Amino acid sequence: MLSAVRLSPARSCANRRPDASSLTEKSLMNILLLGGGGREHALAWKLAQSPLCTGLFAAPGNPGIAEEATLVDLDLADHAAVVNFCRTRSIGLVVVGPEAPLVDGIADSLRAVNIPVFGPGAAAAQLEGSKGFTKDLCREADIPTAGYVRCTSADAALAALADFSLPVVVKADGLAAGKGVIIAQTREEAEEAIRDMFGGSFGASGAEVVLEEFMEGEEASFFALTDGTHVVAFGSAQDHKRVGEGDTGPNTGGMGAYSPASVLTSALQDDVMARIIRPTVTTLAARGTPYSGVLFAGLMLTADGPKLIEYNCRFGDPECQVLMMRLESDLVALLLSVGQGKLDESAGPAFSSDPALTVVLAAKGYPGTPEKGAAITLPDAPAGAKIFHAGTTLKDGQLVASGGRVLNVTARGTTVTQARDAAYALVDQVDFPGGFCRRDLGWREIAREEAMEAG
């Protein structure tokens, strides 16, 4: 039995439709959002603003998402239950937030019964589900990326190390929540990473390992929407993967981000579209596994031009938060055009020129075992700012931490410096004992702004 679990009174999108009277009934729809993290809160916040949305449901959601949607108790691995819910509630669009359900084939199950869905099928989602899959596709399509070797045993990987100079990148092939990447500075570190991965540190994700050449340059994130045939750019960002200030310590799922990334100039974005994004879409379509959804390309801006580090088959987290803060277009219209294969009929995305920056407030112990259960009291966010819930729950009516990355404190400004200052001012008002954050987010872009200001 499916039941709606409301953590706050259900919010109908229709109550906030400014132009509902001008819309035909046929254009209105109920929407189901799958996922329950900070990315999904940002998506819910934006989806609920659309005049096309009559009602928004989310599974499993979180207390922040409950302010925008009706939360639903659904097992995302139970495709039949998801399909049944969509039929029962006349869902006109399903938006899949996280990667795991996509790799598991939820989009295929929905498309099989003609329910529009935003997200790739399982075969195309292997772009994120298997790093080796993506590297092989890059070789096939002549997409610029680092040299690599795929290894299916520790012995093979240890032997292959001799072919790489240091530092060398060791990656678990499968999904690892953004943590299955080790940049080994010494051979000993590389050997330890290999043994750990094949020893089960990342579960089944480490059953195969990819060794990669280390690329020099600055990283940036680039996003594009595609319906399998047509492609449009969807903005840029730069995130901060390392847990410590100065980009030190282990990799995390992301400690913060800002958008746009000015280092990814218009000319470079055109190059990325021509040499990386479009060949990917074309190659997958030619294989009979067209990609429909968002392509999130992690890039290294090398001396030889942009090169692909890896793909994600969903919006980044926390990059999604800053993209949604800047997006001025109707998100529902955009995602529906992708799901219906009509992206060429869409006006395309429009973004504010104002940058946005988000700060991840994490629980003590992250990215290892986070301490859960700390009480949280949130301030009211001023105009141009928003606190997105990532790892929170309600316990006896009290908001508490329930994950590693707990909150995404996000703000806009006329410059990245101003967005940073506004975000940290709001961070300082959050009562979250044991929480921590990096205090140097956006440092590369802020240095560029200061250099331009100095003349």
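Just so you know, these numbers come straight off a predicted model, no measurement behind them.

A.B. asks: When you look at the sheet that holds strand β6 (residues 148-151) in this model, what are you seeing that I'm missing?
C.D. replies: Paired through backbone hydrogen bonds, the strands of a sheet run either parallel or antiparallel to each other. With respect to topology, four strands assemble into an open sheet ordered β6-β9-β7-β8, the strand pairing being antiparallel. Each of the sheet's edge strands pairs with one partner strand only, and the pair in question is β6 and β8 (181-184). Sheet twist, expressed as the average angle between the axes of neighbouring strands with direction ignored, equals 20°. Where strand β7 (residues 168-172) and strand β9 (residues 209-213) come together, five bridges link them in antiparallel fashion. Within β9, the position partnered with Val 168 by the bridge is Glu 213.

A.B. asks: Can you help me understand the packing of aromatic side chains in this one?
C.D. replies: Two measures describe an aromatic ring pair: the distance that separates the ring centres and the angle between the ring planes. Per the counting criterion, the structure on display carries six aromatic pairs. A ring pair is formed by Phe 223 and Phe 296, whose centres lie 4.5 Å apart and whose planes are at 25°; its orientation type is stacked. Of this pair, Phe 223 sits in strand β10 (residues 218-226) while Phe 296 sits in strand β15 (residues 293-302); the two residues are 73 residues apart in sequence, bridging distant segments of the chain. Its relative accessible area of 5% is what places Phe 296 among the buried residues. Summarising the aromatic geometry, the rings of Phe 234 and Phe 351 are spaced 5.1 Å apart at their centres and angled 75° between planes, so their arrangement reads as edge-to-face. Here Phe 234 is found in strand β11 (residues 231-239), whereas its partner Phe 351 is found in the loop between α11 (331-339) and β17 (356-363), with 117 residues between them in sequence. Given the relative accessible area of 0%, Phe 234 is considered buried.

A.B. asks: Before we go on, may I ask you to explain α11 in this structure?
C.D. replies: Since the α-helix packs 3.6 residues into each turn, any two residues three or four apart lie on the same face. In terms of burial, α11 is a largely internal element, seven of the nine residues being buried. Three or more residues of α11 are buried, namely Leu 331, Val 332, Leu 334, Leu 335, Leu 336, Ser 337 and Val 338. Directly after α11, the chain includes Gly 341, whose backbone phi takes a positive value near 70°.

A.B. asks: Looking at this structure, how should I read helix α2 (residues 79-88)?
C.D. replies: Along α2, the positions that sit buried rather than exposed are His 79, Ala 81, Val 82, Val 83, Phe 85 and Cys 86. Turning to α2, the residues buried within the fold contact β1 (29-35), β2 (53-60), β4 (91-96) and α4 (106-111). In the stretch just after α2, Ser 90 is the one whose phi turns positive, near 50°.

A.B. asks: Whenever I open this one, the nonpolar core confuses me. Can you help?
C.D. replies: What tends to happen in soluble globular proteins is that the nonpolar side chains get buried as a cluster. Counting residues in each nonpolar core, the largest one holds 49 residues, and the members touching the most others are Leu 32, Val 94, Leu 110, Ile 277 and Leu 299. With six residues, the top contributor of residues to this core is helix α9 (residues 266-286). In terms of nonpolar packing, the next biggest core, distinct from the first, is built from 44 residues, Ala 42, Ala 44, Val 332 and Leu 334 among them.

A.B. asks: Looking at this model, I keep getting lost on the side chain of Ser 337. Mind explaining?
C.D. replies: When you line up the elements, Ser 337 lands in helix α11. According to the relative accessible area criterion, Ser 337 is buried, its value standing at 8%.

A.B. asks: Sorry, what's going on with the sheet that holds β2 here?
C.D. replies: Strand order across the open sheet formed by five strands is β3-β2-β1-β4-β5, with parallel pairing between neighbours. On the outer flanks of this sheet lie β3 (70-71) and β5 (117-118), each paired with one strand and no other. Sheet strands touched by α11: β1, β4 and β5. Its angle to β4, the strand with the most contacts, is close to 90°.

A.B. asks: Would you mind going over unusual backbone geometry with me for this structure?
C.D. replies: Working note: non-glycine residues mostly have negative phi, and peptide bonds are mostly trans. In this chain, Leu 166 is followed by Pro 167 through a cis amide linkage whose omega measures -5°. Mapped onto the secondary structure, Pro 167 falls in the loop between α7 (154-160) and β7. Cis geometry is adopted by the peptide bond preceding Pro 260, which originates at Ser 259 and carries an omega value of 0°. With respect to the helices, strands and loops of the structure, Pro 260 is situated in the loop between β14 (256-259) and α9. Of note in this structure, Ser 90 is not a glycine but carries a positive phi near 50°. For Ser 90, the location among the structural elements is in the loop between α2 and β4. A positive phi is found at Asp 396, a non-glycine position, where the angle reads about 55°. Its relative accessible area of 78% is what places Asp 396 among the exposed residues.

A.B. asks: Help me understand the environment of Ala 356, please; the structure alone is not making it clear to me.
C.D. replies: Structurally, Ala 356 can be placed in strand β17. Separated by 48 residues in sequence, Ala 356 and Leu 308 have C-alpha atoms that sit 24 Å apart. When sequence neighbours within four positions are dropped, the list of residues in contact with Ala 356 reads Ala 257, Tyr 258, Ser 259, Val 322, Met 325, Arg 326, Ala 411, Arg 412 and Ala 419.

A.B. asks: Before we go on, may I ask you to explain the pairing of β9 in this structure?
C.D. replies: Strand residues, when the strand is regular, have side chains that alternate between the two faces of the sheet. With four of five residues buried, β9 lies mostly within the body of the structure. Alignment of β6 against β9, held across four bridges, turns out to be antiparallel. Each residue of the ladder has a partner; that of Cys 151, found in β9, is Val 209.

How each quantity is defined
- Residues numbered from 1 in each chain as written.
- Predicted model: local features only at pLDDT ≥ 70, side-chain atom pairs only at ≥ 80, totals over all residues.
- Heavy atoms only, no water.
- Pairing = 2+ DSSP bridges.
- Helix = DSSP H or I, 4+ residues; strand = E, 2+ residues; numbered from the N terminus.
- Axes fitted to C-alpha atoms, helices over the stretch in contact; angles between N-to-C directions.
- Phe/Tyr/Trp six-rings, centres within 6.5 Å; stacked < 30°, edge-to-face > 60°.
- Buried < 20%, exposed > 50% of the residue type's maximum accessible area, 1.4 Å probe, protein only.
- Contact = heavy atoms within 4.5 Å.
- Core = buried A, V, L, I, M, F, W, Y, C linked by side-chain atoms within 4.5 Å.

Treat this as a map of the structure, not an account of what it does.
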